[in-house]
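One-letter residues, chain by chain:
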Amino acid sequence: MSSLSHRRALVLSDEGARHPFRRSLPPHVCATLIAHEPPAPRSIRRIINEDWRGFLAAYCATFVVIIIFLA
């Protein structure tokens, strides 16, 4: 019974991979996945500033259209 608990995996795993499926992939597949990985997300502050800018642009455009329609 103790020999079953010490069984080795048939595929060498990449311990740097976080997900179990990625850990089971061969090294040449992981290399292409890492090369095509999206860049890290921008800081939260930058996203918030862009959201406010987009909201204000849409608000101002809507306001102008409504004023022109009522005039």
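Residues numbered from 1 in each chain as written. Predicted model: local features only at pLDDT ≥ 70, side-chain atom pairs only at ≥ 80, totals over all residues. Heavy atoms only, no water.

Student: Quick question: what am I supposed to make of the overall build of the protein chain here?
Tutor: Counting secondary structure elements, the protein chain contains four helices and zero strands. Each helix (α) and strand (β) of the protein chain, taken in turn from the N terminus, gives the series α-α-α-α. Residues counted as buried form 4% of the 71 residues belonging to the protein chain. About 7,100 Å² of surface is accessible on the protein chain, with carbon and sulfur atoms providing 68% of the total. (Helix = DSSP H or I, 4+ residues; strand = E, 2+ residues; numbered from the N terminus. Buried < 20%, exposed > 50% of the residue type's maximum accessible area, 1.4 Å probe, protein only. Areas by Shrake-Rupley, 256 points an atom, 1.4 Å probe, with all protein chains shown as cover.)

Student: Just checking my understanding: could you explain the confidence of the model for the protein chain for this structure?
Tutor: Should pLDDT be low for a region, the predicted coordinates there are not to be read in detail. Of all residues in the protein chain, 63% attain a pLDDT of 70 or more, and the chain-wide mean is 75. Mean pLDDT values for the elements of the protein chain range from 55 in helix H1 (residues 2-5) up to 90 in helix H4 (residues 44-70). (pLDDT = per-residue confidence, 0-100.)

Student: Is there a simple way to explain the packing of aromatic side chains in this structure?
Tutor: Aromatic ring pairs are defined here through the distance separating the ring centres and the angle between the ring planes. Per the counting criterion, the structure on display carries two aromatic pairs. Ring plane angle 85° and centroid distance 6.0 Å describe the contact between tryptophan 52 and phenylalanine 55, whose orientation is recorded as edge-to-face. On the criterion of helical spacing, the pair formed by tryptophan 52 and phenylalanine 55 is a turn pair, its members being three residues apart in helix H4. By the ring-pair criterion, three or more aromatic residues cluster together here, those being Trp52, Phe55 and Tyr59. (Phe/Tyr/Trp six-rings, centres within 6.5 Å; stacked < 30°, edge-to-face > 60°.)

Student: Mind showing me how you'd approach a nonpolar patch on the surface here?
Tutor: Residues Ile48, Trp52, Phe55, Leu56, Tyr59, Phe63, Val64, Ile67 and Ile68 make up a contiguous nonpolar surface patch of roughly 950 Å² in combined accessible area. Positionally, isoleucine 67 belongs in helix H4. (Patch = residues over 30% accessible without salt bridge, like charges linked within 9 Å, V, L, I, M, F, W, Y side chains within 5 Å. Salt bridge = Lys/Arg side-chain N within 4 Å of Asp/Glu carboxyl O.)

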